[in-house]
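# Geometric and topological summary
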Amino acid sequence: ALYLALGAVVTVIVLFVGAVIGVSLYRLVQPEPVATTQADPEVRVLLPADASLYVDQRAVAGGAQRRVFLHPGRYEIRAEIPGAEPITTSVELREGEIRVIRFEVHHPGEEGSEAPAP
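Residues numbered from 1 in each chain as written. Predicted model: local features only at pLDDT ≥ 70, side-chain atom pairs only at ≥ 80, totals over all residues. Heavy atoms only, no water.

### Quick word on the pattern of salt bridges
This is how it is decided: Salt bridge criterion: a side-chain nitrogen from Lys or Arg within 4 Å of a carboxyl oxygen from Asp or Glu. Numbering of helices and strands runs from the N terminus, with a helix taken as a DSSP run of H or I at least four residues long and a strand as a DSSP run of E at least two residues long.
Summed over all chains, the structure comprises six salt bridges. For E42, the salt bridge goes to R67, with nearest N and O atoms at 2.7 Å. Residue E42 is found in strand 1 (residues 42-46), and its partner R67 is found in strand 4 (residues 65-69); the two are separated by 25 residues along the sequence. Residue E104 is joined to R102 by a salt bridge in which the shortest nitrogen-to-oxygen separation is 3.9 Å.

The following block contains the structure:
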């Protein structure tokens, strides 16, 4: 019975330490904290599903429609779309604002081949 109780205590300790390490590692690979209140602004980004999206050089995971909640302030948003030059735009976000940004691939000579306006 003593060995069973000792084994249970050791198991609980190992699980606790594993959980603490797991949470710490998760926080290390996550981008900066995002908005914490409903008043914080939101950026909705529409782009090809295989594109990479960065907000102030921090990767934002997701598919063709990504929602990013941020604190009010100025941000640089960059899309890297395979087969195209990276596109960067800057936005100034105010409290409660929702901003939609669309990144599209246009080949040279096509109408609308410029980067989106900030």
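Now, onward.
### Examining the side chain of E97
The test is simple: Any residue under 20% of the maximum accessible area for its type is buried, any over 50% is exposed, and the rest in between are partly exposed; the area is computed with a 1.4 Å probe on protein chains only. Polar contacts, as used here, are pairs of N or O atoms within 3.5 Å; protein pairs need one atom able to donate a hydrogen and one able to accept it. Residues neighboring in sequence count only if both atoms are side-chain atoms. The contact criterion used throughout is that any non-hydrogen atoms of two residues lie within 4.5 Å.
Its place among the elements puts E97 in the loop between strand 6 (87-93) and strand 7 (98-102). Exposure remark for E97: the relative accessible area of 15% places this residue in the buried category. A polar contact is formed between the side chain of E97 and the backbone nitrogen of R94, at a distance of 2.8 Å. Setting aside chain neighbours within four positions, we find E97 in contact with P41, E42 and E92.

Fair warning: the whole summary comes from geometry, so function is off the table for now.
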